[in-house]
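# Geometric and topological summary
Single-letter residue listing:
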Amino acid sequence: MTAHDAHDDGPGHAAHGHEGHAHGVSENADSRWLSGALGLIVAYMAGEVVVGVLAHSLALISDAAHMLTDAASIVLALVAMRLAAKPPAGGYTYGLKRSEILSAQANGLSLLLLSAWLAYEAVRRLVSPPQVTGGLVLATALVGIVVNVGAAWMISKANRTSLNVEGAFQHILTDLYAFIATAVAGLVMTLTGFARADAIASLVVVALMVKAGVGLVRESGRIFLEAAPAGVSPEQVGKVLAARPCVTEVHDLHIWQITSGMPAASAHILVAPGEDCHAVRADLEAVLEKSYQITHTTLQVDHNADPLLSIGSRPDEHCEESHGPVHRSEPTED
């Protein structure tokens, strides 16, 4: 018997909406595209480190460091896909779907740590610039632009509903911009001999790394802290649900993300005496799905107590300690 088949035979009627879920790291995500992009990035990254050392270019080494985090993010995304595909077992009732959020946060933190070190080195080279071989820097950066365009195209073919896959895609775009900045620096050094252009290009890369790192940490942090999905206001959702026909009160409303692309909601709903709890629940689930793309729902639906049978107490008080605000339907005017 499914939750939707539950009979109205208890003090509370709890049901779950499960149709059409998008469970974060999707099983449909094509790991072949990610693996191909990973191969391109690792091969080029190794060559870039060698050339960066020979050319004494911090810009190339910083680009390689950024590409290392890109490679790590792709590896973690591939691992997360495997873990997310495993069915729930034991105490892990949602499976291991949140593993992608762990890897996204680790990737974001590594970006921030690397950017701090590279910023220090770039400032040091601005003060005392070493001799940099501009021609090698320019040639390597031009090849890097081609490699990153190819890698970005490959990842764009994969399922980007995952925070990891989308993060890897955005990181490669960041690398693309960084290589453009490095190519400009190499051209400037070749034509003018202005060695500080290398350090300036490094600072551009650092700024892009910080932006990407902060974004990943912020988004993964919201999921760990059980925050509502960006753009969804629980206060507004509560008011909308309370305004539906037959609903008298909505409380204990929680909206969160189990993992990226998998929002969920739970609430305690009170309906007017004599109304059909199951019909009300179905209506509220439809509202959550259509208006807020929330398909994983757990709604406990109860009849409001008859005021004539609740003398001396509040007839609409069902929970001694509800969490969050209480939303009640507006009284209708005759």
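Details of the structure are given in the entry above.
Presented here is an overview of the structure given in this document. (Residues numbered from 1 in each chain as written. Predicted model: local features only at pLDDT ≥ 70, side-chain atom pairs only at ≥ 80, totals over all residues. Heavy atoms only, no water.)

### Thoughts on the pairing of strand E3 (residues 262-271)
Burial within E3 is extensive, with 10 of its 10 residues counted as buried. Every second residue of E3 is oriented toward a common face, with Met-262, Ala-264, Ser-266, His-268 and Leu-270 on one face and Pro-263, Ala-265, Ala-267, Ile-269 and Val-271 on the other, all of them buried. As paired strands, strand E2 (residues 247-259) and E3 are joined by 9 bridges and run antiparallel to one another. Pairing of Gln-257 across the sheet is with Pro-263, part of E3. (Buried < 20%, exposed > 50% of the residue type's maximum accessible area, 1.4 Å probe, protein only. Helix = DSSP H or I, 4+ residues; strand = E, 2+ residues; numbered from the N terminus. Pairing = 2+ DSSP bridges.)

### Let's talk about the pattern of salt bridges
All chains considered together, the criterion is met by 7 salt bridges. Residue Glu-121 pairs with Arg-124 through a salt bridge whose shortest N-O separation is 2.7 Å. Separated by 3 residues within a single helix, Glu-121 and Arg-124 lie in helix H3 (residues 99-127), roughly one turn from each other. The exposure class assigned to Arg-124 is partly exposed, which follows from its relative accessible area of 45%. In this structure, Glu-285 engages Arg-281 in a salt bridge whose closest nitrogen and oxygen atoms are separated by 3.5 Å. One end of the pair, Glu-285, and the other, Arg-281, are both in helix H8 (residues 277-292), 4 residues apart, so they sit about a helical turn from each other. (Salt bridge = Lys/Arg side-chain N within 4 Å of Asp/Glu carboxyl O.)

### Points about a nonpolar patch on the surface
A cluster of nonpolar side chains, Val-50, Leu-54 and Leu-136, forms an exposed patch at the surface whose accessible area comes to about 280 Å². With respect to the helices and strands, Val-50 occurs in helix H1 (residues 31-55). (Patch = residues over 30% accessible without salt bridge, like charges linked within 9 Å, V, L, I, M, F, W, Y side chains within 5 Å. Areas by Shrake-Rupley, 256 points an atom, 1.4 Å probe, with all protein chains shown as cover.)

### Topic: the nonpolar core
The biggest cluster of nonpolar side chains holds 26 residues, and the ones touching the most others in it are Leu-34, Ile-41, Ile-74, Ile-155, Val-165 and Ile-172. Put simply, the parts of the chain that give this core at least two residues each are H1, helix H2 (58-85), helix H4 (134-156) and helix H5 (163-192). With 7 residues, H2 is the largest single contributor of residues to this core. Leu-253, Val-271, Tyr-292 and Leu-299 belong to the second-largest nonpolar core, a separate cluster that totals 22 residues. (Core = buried A, V, L, I, M, F, W, Y, C linked by side-chain atoms within 4.5 Å.)

### Let's talk about the side chain of His-327
By the element assignment, His-327 lies in strand E5 (residues 327-328). Excluding its chain neighbours within four sequence positions, the residues that come into contact with His-327 are Pro-234, Glu-235, Gly-238, Lys-239, Ala-242, Thr-248, Glu-249 and Val-250. (Contact = heavy atoms within 4.5 Å.)

### Observations regarding helix H7 (residues 234-242)
Along H7, the residues that are buried comprise Val-237, Gly-238, Leu-241 and Ala-242. Looking down the long axis of H7, one finds its buried residues gathered within 130° of arc, a one-sided arrangement. Against E2, H8 and E5 lie the buried residues of H7. (Arc of directions from axis to C-beta.)

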